[in-house]
Every structure is written in structure tokens, then in C-alpha cells.
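# Summary of the model geometry
Here are the chains, one letter per residue:
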Amino acid sequence: MRVLVVAAPLLGHVFPLMPLALALRDAGHEVVVATGGEALRVRDSGLRVEDVVPSSVRFGPIALRIMLTHPMVAKRELRGSGRLDFVSRMFGTVGDAMTEPLRAFARGWRPDVVVHEPLAAAGSALGVPSIVHDVSLFDGLELTAAVGARMKAEVRSPATVLRTAPPSLAEFPGGERMRFAPYSGDGEVPQWLAEPSGTPRILVSRSTAPGPGAGRMMAAVVRAAGQVDAEFVLVRPDRAKGLPSNVRTVGWVPLPRVLPFCDGIVHHGGAGTVLGSLAAGVPQLVEPGPGDRTVHATAITGRGAGLRAEPREVTAALLTRLIEDSKLQRAAGEVRAEIAAMPSPNDVAERWESLPMQ
């Protein structure tokens, strides 16, 4: 079977699709990934990757245009209470730009089914049966419908949806269960980071997507770190000098290989980092914010698997609680076991042709 995997041109959107894409290839299916921009990095996986996003598509100008024409929508989005108004406009614009290149490729390659992440709704506009692959704690069908409603192309209802959210954090009707499998591509991990440190270790990460205030949380952690009995590891920091003695830095590293050696993680609330941390059973401190970040922060704290805080609320006591609170550790471990019990991408790939495709 020929399977076309479609993602918006962002790493955080394509990475969650890769475990299934690779499992489908290993199960004997022909697989092509269609995306663009920075997401083309997944060519390192060995899969065929097609660029279907015009170079004129840039998220900054798109976001600015929405902010100028819909200021109240933008204001709610920045507060983290925008729901789908802003994101559907942004990715509807991106989807319109992707549709014709996708259709042109599909006419030549003739896929049997399309698998796409919810914000790449153009995948359901090709006249081919489609399956939505959830990548966050939102309902993927609702997201796809919201983005599709903003697009000029006709977006058909997907045949089914692959549900990757742990049920104790987000439960949605219908679809097929599939375990979230963390993926961050290839990359070297320093030896010191691939083994226990002998002292509690807190990883501090930030978004791969550009945006205002992207480094505020990391800066807040650095200010408090010197008062915490732990090792802090900053991933892709803005600065590497003048840091407390217990703070180390590292460039791009595949987080799934690093998290098993961490006792806590502080991050921006992106879906991949949230789910990857849950899969590793690591308590997390999440910064609420635009898009899905406030929803993720609320879900994590509601489940008891982590904490939430704005940068101004970060203190040494809060960071100490992250690694010492046994209730957080227990809840994170429970969710890890819950995720591990779900069918793996390999399991889903092995029964692929039995899934509803129409």
C-alpha cells in the first residue's frame, strides 16, 4: 500500500508522525513524507521526503497579518485562551499553500491513503482516503475540521483518527489507540548526558518554533538554579557564559535518549515535549502560553504529573519540588505505564490494512 504522510512545515509537527511512518515502511508499505521548511530535516530518516510547501510560506508574516486584521483573536491567543480561532486561521493559510503541490504530487504518485497531523488538513483535500494522526492533547478531528473550514479547498472528513493521548489526560470518542513514540531525529548525545549524573538532573528545553519570549523560561530557571541542589542542563540556550556552576549547556540533542537520565524537565508546553516527557515518566514544569501550551499545562497539572508556572513564578522552591515531590513522580510513572500499554506504531502498522480506510 502507498501511504502519504503529511505534516505542516515545522519539526514539532512532523517528528510525532515519524515512528508510524518508519513502522509502515518496515511492514512493507511504500511511504513518502510530504512537508516543507525545517521539517525537511526528516530526510535523515532514510524515508523519501517531498517538499510541498512554497518558499513564500513564512509563519511570521502570516501571524502578523492575523494580528493586524483580528486583534481580539490575537489577544486571546497570546493569553492562551484563543482555542482554535488563531491556529485555524494560521494553518488554514498554510494548508491553502500546500494543497496544489500536494495534489500535483498525488496525481503522479497515486497514494492509497494519506496520514496527516491535524494542522496539515490539506492531507484530507486530495480525494484520497485520509487518517488523522493525533499529535497533542487536543482532539485531532476537531482540529482538522477547524483548519479545513478556513481553507479554500474542500477538506473531506477523515476515515478515522489515531489517538495518541493517554486516556487519563485526554479522552475523545472514536478512533484507534496508538502509543505515542517519541522521535527527535538523529544527533549525538554527550557521554555525560547519557548516564546518571549522581545528583538530580533537570533538563531545560525550549520551543523549536520561533516566537516572542521564547527564552524567558530558561532565563528564569538560570536565575534560580544556583539555589537548587541539582544539575541543570540547558538545551540550545541563548547564552552559555556567566552561568551558575551547576548549570551546563548542550546543543541539539534527541530528547528521547536524554530523558531517561533526567529527574525533571522544564519546557514551553509543546505537544512533543509534553508527550515525550510523559512517555519517559519524568515530572515536568510547563510554561502556559499561546496555542496548545496552556491546555497542555492545565492537563499535566490536573493529572498530577507536573507543575505549571509563568517565568516570573519560577523559584528555587518550585524547582526543588519538581524533583522531590513523590506525588509528581508517582503520577508521572502511572502515565508512563498507561502509554506503554497502548498499541505501538509497529502494532498498528502490522494491522494497517484492517483499519477503516473509507
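Here is what the cut-offs are and how they apply
- Residues numbered from 1 in each chain as written.
- Predicted model: local features only at pLDDT ≥ 70, side-chain atom pairs only at ≥ 80, totals over all residues.
- Heavy atoms only, no water.
- Core = buried A, V, L, I, M, F, W, Y, C linked by side-chain atoms within 4.5 Å.
- Buried < 20%, exposed > 50% of the residue type's maximum accessible area, 1.4 Å probe, protein only.
- Helix = DSSP H or I, 4+ residues; strand = E, 2+ residues; numbered from the N terminus.
- Contact = heavy atoms within 4.5 Å.
- Pairing = 2+ DSSP bridges.
- Axes fitted to C-alpha atoms, helices over the stretch in contact; angles between N-to-C directions.
- Right-handed = clockwise from strand over helix to strand, strands pointing away.
- Polar contact = N/O pair within 3.5 Å; in protein donor to acceptor, adjacent residues only side chain to side chain.

## Let's talk about the nonpolar core
Residues Leu-4, Val-6, Met-90, Phe-91, Met-98 and Leu-102 are the most contacted members of the largest nonpolar core, which totals 40 residues. Looking at this core, the elements with two or more residues in it are β1 (2–6), β2 (30–35), α3 (59–69), α4 (71–79), α5 (85–109) and α6 (140–150). With ten residues, α5 is the single largest residue contributor to this core. Filtering out sequence-adjacent residues up to four positions away, Met-98 remains in contact with Val-6, Ala-7, Ala-8, Pro-9, Val-52, Val-53 and Ala-122. Within the second largest apolar cluster, 31 residues are counted, among which are Ala-21, Leu-22, Val-33 and Leu-162.

## Quick word on the sheet that holds β1
Two pairing modes exist for strands in a sheet, parallel and antiparallel, and in both the strands are linked by backbone hydrogen bonds. Here we have seven strands laid out as an open sheet, ordered β3-β2-β1-β4-β5-β6-β7, and parallel in their pairing. Each having just a single partner strand, β3 (48–51) and β7 (176–177) make up the two edges of the open sheet. Sheet analysis places β1 next to β2, joined by five bridges and oriented parallel. Looking at β2, one finds that Val-3 is bridged to Val-31. Of the strands in this sheet, β1, β2 and β3 touch α5, which is tilted by about 170° from β1.

## Some details on the pairing of strand β6 (residues 160–163)
Neither face of β6 is open: one carries Thr-160 and Leu-162, the other Val-161 and Arg-163, and all of them are buried. As paired strands, strand β5 (residues 130–133) and β6 are joined by three bridges and run parallel to one another. The residue of β6 that forms the bridge with His-133 is Leu-162. One crossover worth recording links β5 to the parallel β6 by way of α6, and it is right-handed. Pairing of β6 with β7, which is carried by two bridges, proceeds in the parallel orientation. Bridge pairing in β7 links Arg-163 to Arg-177.

## Examining the side chain of Arg-201
Among the structural elements, Arg-201 can be located in strand β8 (residues 201–204). Here the side chain of Arg-201 touches Trp-192 through a polar contact of 2.9 Å, landing on its backbone oxygen. Polar side-chain contacts of Arg-201 include one of 3.2 Å to the backbone oxygen of Phe-261. Leave out the neighbours within four places in its chain, and Arg-201 touches Trp-192, Leu-193, Glu-195, Pro-196, Glu-231, Val-233, Phe-261, Cys-262, Asp-263 and Gly-264.

## Side note on helix α7 (residues 216–225)
When you tally the buried positions in α7, you get seven out of ten residues, the bulk of the element. Residues of α7 that are buried: Met-217, Met-218, Ala-220, Val-221, Val-222, Ala-224 and Ala-225. If you follow the buried residues of α7, they end up packed against β8, β9 (231–235), β10 (247–250), β11 (264–267), β12 (284–286) and α11 (316–324).

## Considering the environment of Ala-230
Within the secondary structure, Ala-230 sits in the loop between α7 and β9. For Ala-230, a relative accessible area of 6% gives the class buried. Expressed as a C-alpha distance, the spacing of Ala-230 and His-296, which sit 66 residues apart in the sequence, is 25 Å.

## Quick word on the sheet that holds β10
Strand order in the open sheet formed by six strands is β10-β9-β8-β11-β12-β13, with parallel pairing between adjacent strands. Of all strands in the sheet, those with a lone pairing partner are β10 and β13 (306–308), marking the two edges. Going from strand to strand, the sheet's axes swing by 20° on average, the running direction of each strand aside. Both β8 and β11 contribute to a ladder of three bridges, which runs parallel. Paired with Ile-202 across the strands is Gly-264, a residue of β11.

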